[in-house]
Structures are given as C-alpha cells and as structure tokens.
Amino acid sequence: MSLNNWKNLNKEIIDCRKCKRLVNFREKIARNKTKRFKNWNYWGKPVVGYGNKNGKLIILGLAPAAHGGNRTGRVFTGDKSADFLVSCLHKVKIVNQPTSERKNDGLKMYNSYMTPVLKCVPPEDKPTTKELTNCFHFFKKETKLLKKSKIFLALGKIAFDACIKFFKDTDCIDNNYKFKFSHGVTYKINNKFTLIGSYHPSPRNVNTGRIDSKKMISLLNKIKKKIK
C-alpha cells in the first residue's frame, strides 16, 4: 500500500465538484448551519474514508450526515447514528473509544475501515443513480487500495443496494442475481468479498427498536470472528 496513492485519492475526492446538486447542497448546509452548531466551521466538502487501511472489515454508510460528517469532515462522526455505532464498535473492541465527536479526537479502528459509498451528503438522503455511479469511481479505487479487506458491512438498505449496484457495475456479480436486504443477511460476492447487511444505526431505527445495542453487538461479534 502506498501512502502517496491514498494521499492522491483523498485529494481527488475532496476536490471533486462533479455532481452540481450535491455540491450546492453540501455547501448550503455549511453556510446555513443548524443552531446547535452555529459556532462550528463546517467541512462542507466530500468526506473520505477513515480507519485502518490494512483492515479486513469495511464499514459502509450511504453518505455523510448533513450535520455529522458534512460538519466534522469525518465519516460517522458527530451525530446520533455515530454515537450508537461507535459505542457498539467499542464494546466489541473494533475501536479504542466509545465516542466519535470530531477529527483528531483519538479514535482508532482495529482491523477495520469505514467509508461512505457516496462522498457528499445528498438532499433528503436520496442520491440519484447518476450521483452514485459518479462516486463509484472513488469507491472502486478505495477497494483496490484496501488490499486486505474481505467483509463489507453495509449499514442500511440504501447502502446495501448501492453496494450491490457497485458489484454489478464492476462485474463482480451477475446482473440477474437477486439480493434481499435484512439485518445480518450475508452474501458471498466472489472469492474475495462477503457482503453483510445491517439495519442503519439511525435515531429512528434505534428509537423504534428496529435496531438496538444487543442486535448490533451480536452481529459485530459474528463479523469479528470472521476477520481474525
């Protein structure tokens, strides 16, 4: 793995302005800050991945949160979804601390890397097919640089479906094969990759009990055994 390759890729991601709708939206949020973060200097740019680049586990979200990653500049950082996820990751010792609040807060990931499939926050959390396809260019480069990766954990149905589309677009799987999302569902993609689905750790899912710490920790423990 070349550090220069990572540096070049991350610069290419951060400098990207290909999707005008996403550029306008992310920058609008950065200007019109939510009240509780009015003193923050919002990131307002594409968000790159974070973690152990030699990790076997890739944790995938659909996109940065408007006032999470789009504000802090780091994936799964600074919002309620991040609070829940990182707390669970800490309990199974995939990360070194229970919180992910800002860049340079000391968070370390063990044998794992996390990244958004779409690098910019989309309006209403709904990217267009074209926007996803544009970003697959970066996602493909990431997966090539993450040479030891073997398991993709997709958080939420939209991220799961985006992964399926990515694998189909890159000829890893048959276009006619049907994949059904559910919590803990596991598909062998090819000789290298396994895709696992999880309910998204959103406040709505947590508050309704669709996902809770017990379910998430159970799934993470199963994954941890697979990546030893």
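Details of the structure are given in the entry above.
Calculation notes
- Residues numbered from 1 in each chain as written.
- Predicted model: local features only at pLDDT ≥ 70, side-chain atom pairs only at ≥ 80, totals over all residues.
- Heavy atoms only, no water.
- Buried < 20%, exposed > 50% of the residue type's maximum accessible area, 1.4 Å probe, protein only.
- Helix = DSSP H or I, 4+ residues; strand = E, 2+ residues; numbered from the N terminus.
- Pairing = 2+ DSSP bridges.
- Contact = heavy atoms within 4.5 Å.
- Axes fitted to C-alpha atoms, helices over the stretch in contact; angles between N-to-C directions.
- Salt bridge = Lys/Arg side-chain N within 4 Å of Asp/Glu carboxyl O.

Engineer: So what's going on with the pairing of strand S6 (residues 194–198)? Residues and values would help.
Structural biologist: With respect to burial, S6 is a largely interior element, 5 of its 5 residues being buried. A two-sided burial pattern is seen for S6, the buried positions comprising Thr194, Ile196 and Ser198 on one face and Leu195 and Gly197 on the other. Across 5 bridges, strand S4 (residues 151–155) lies against S6 in parallel orientation. Among the inter-strand pairings, Ala154 is bridged to a residue of S6, identified as Gly197. In this structure, strand S5 (residues 186–188) lies alongside S6, joined through 3 bridges in antiparallel fashion.

Engineer: Lay out the sheet that holds S4 with the relevant residues and their values.
Structural biologist: Strand order in the open sheet formed by 6 strands is S1-S3-S2-S4-S6-S5, and the pairing between neighbours is mixed. Edge strands, defined here as strands with exactly one partner in the open sheet, are strand S1 (50–51) and S5. The strands that helix H6 (residues 157–169) touches are strand S2 (57–61), S4, S5 and S6; relative to S4, the one it contacts most, it runs at about 135 degrees.

Engineer: Help me get a handle on the environment of Lys224, residues and values and all.
Structural biologist: Its location among the elements puts Lys224 in helix H8 (residues 213–226). Sequence separation of Lys224 and Lys93 is 131 residues, and the distance between their C-alpha atoms is 9.1 Å. Beyond its immediate chain neighbours, meaning those up to four positions away, Lys224 contacts Val92, Lys93 and Ile94.

Engineer: Quick one: what's the story with the pattern of salt bridges, residue by residue and with numbers?
Structural biologist: One pass over the structure, following the stated rule, counts 8 salt bridges. Glu27 is the partner of Arg17 in a salt bridge, and the nearest nitrogen-oxygen pair spans 2.8 Å. Taken as a pair, Arg17 in the loop between helix H1 (3–14) and helix H2 (20–31) and Glu27 in helix H2 lie far apart in primary sequence, 10 residues in all. By relative accessible area, Glu27 is classed as partly exposed at 24%. The partner of Glu142 in a salt bridge is Lys119, with the nearest N and O atoms 2.6 Å apart. Linking Glu142 in helix H5 (residues 129–145) with Lys119 in the loop between strand S3 (112–116) and H5, this pair joins segments that are 23 residues apart in sequence. The same class applies to Glu142 and to Lys119, which are both buried.

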